[in-house]
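Report on the structure
Okay, here's what each chain looks like letter by letter:
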Amino acid sequence: MKTYHITITETLEMTVPIQAENLAKAEKIAEKNWQDSQYILDAEHFAGVSFKAEEPGKKRENER
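All residue numbers refer to position in the chain's written sequence, counted from 1. Local features in this predicted model are restricted to residues whose pLDDT is 70 or higher, and side-chain atom pairs enter the listing and the counts only when it is 80 or higher, whereas totals over whole chains, interfaces and linings include all residues. No hydrogens and no water enter the side-chain calculation; it runs on all heavy atoms of the structure.

**Here we look at unusual backbone geometry**
Formally: Starting at the N terminus, helices and strands are each numbered in turn, a helix being any DSSP run of H or I of at least four residues and a strand any DSSP run of E of at least two.
Of note in this structure, serine 37 is not a glycine but carries a positive phi near 65 degrees. Of note, serine 37 is situated in the loop between helix 1 (23–35) and strand 2 (46–54).

**Observations concerning helix 1**
Given 3.6 residues to a turn, an α-helix orients residues that are three or four positions apart in the same direction. Applied cut-off: Under the convention used throughout, the expected extent of a helix is 1.5 Å for every residue step, that is, one less than its residue count.
Its 13 residues give helix 1 an end-to-end C-alpha distance of 18 Å, which sits within 8% of 18 Å, the value for a rise of 1.5 Å per residue. Downstream of helix 1 by one or two residues, serine 37 has phi in the positive range, about 65 degrees.

**A short note on the pattern of salt bridges**
Selection rule: Salt bridges are identified by distance alone: a Lys or Arg side-chain nitrogen within 4 Å of an Asp or Glu carboxyl oxygen. Each residue gets one of three labels from its accessible area relative to the maximum for its type: buried under 20%, exposed over 50%, partly exposed in between, using a 1.4 Å probe on protein chains only.
Evaluation of the coordinates by the stated rule reveals 2 salt bridges. As a salt-bridge pair, glutamate 21 and lysine 25 come within 2.9 Å of each other at their nearest N and O atoms. Lysine 32 is the partner of aspartate 36 in a salt bridge, and the nearest nitrogen-oxygen pair spans 2.7 Å. By relative accessible area, which is 42% here, aspartate 36 ends up partly exposed.

**Some details on a nonpolar patch on the surface**
Note the threshold: Every patch collects residues that have over 30% relative accessible area and no salt bridge, joining them within 9 Å if they carry like charges and within 5 Å if they are nonpolar side chains (Val, Leu, Ile, Met, Phe, Trp, Tyr). Only the protein chains shown count as cover for residues, with accessible areas throughout obtained via the Shrake-Rupley method and a probe of 1.4 Å.
On the surface, Tyr4, Ile6, Ile8, Leu12, Phe46, Val49 and Phe51 cluster together to form a nonpolar patch covering roughly 700 Å² of accessible area. Put simply, the parts of the chain that give the nonpolar patch at least two residues each are strand 1 (5–12) and strand 2. In this structure, leucine 12 sits in strand 1.

Encoded structure:
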């Protein structure tokens, strides 16, 4: 039997209201708030999952 490397990626999603002068500033505020742990995403915010398989012996993208 071969061993396969399967990458499992889960996506969490939350929409938050941000008041700002423009879209770029709103994104910066949201990012800072997230970094400051003002938004905690958990299983309640699950938005999807994907699976990616690689053949044995193939070099992974992030490996050198």
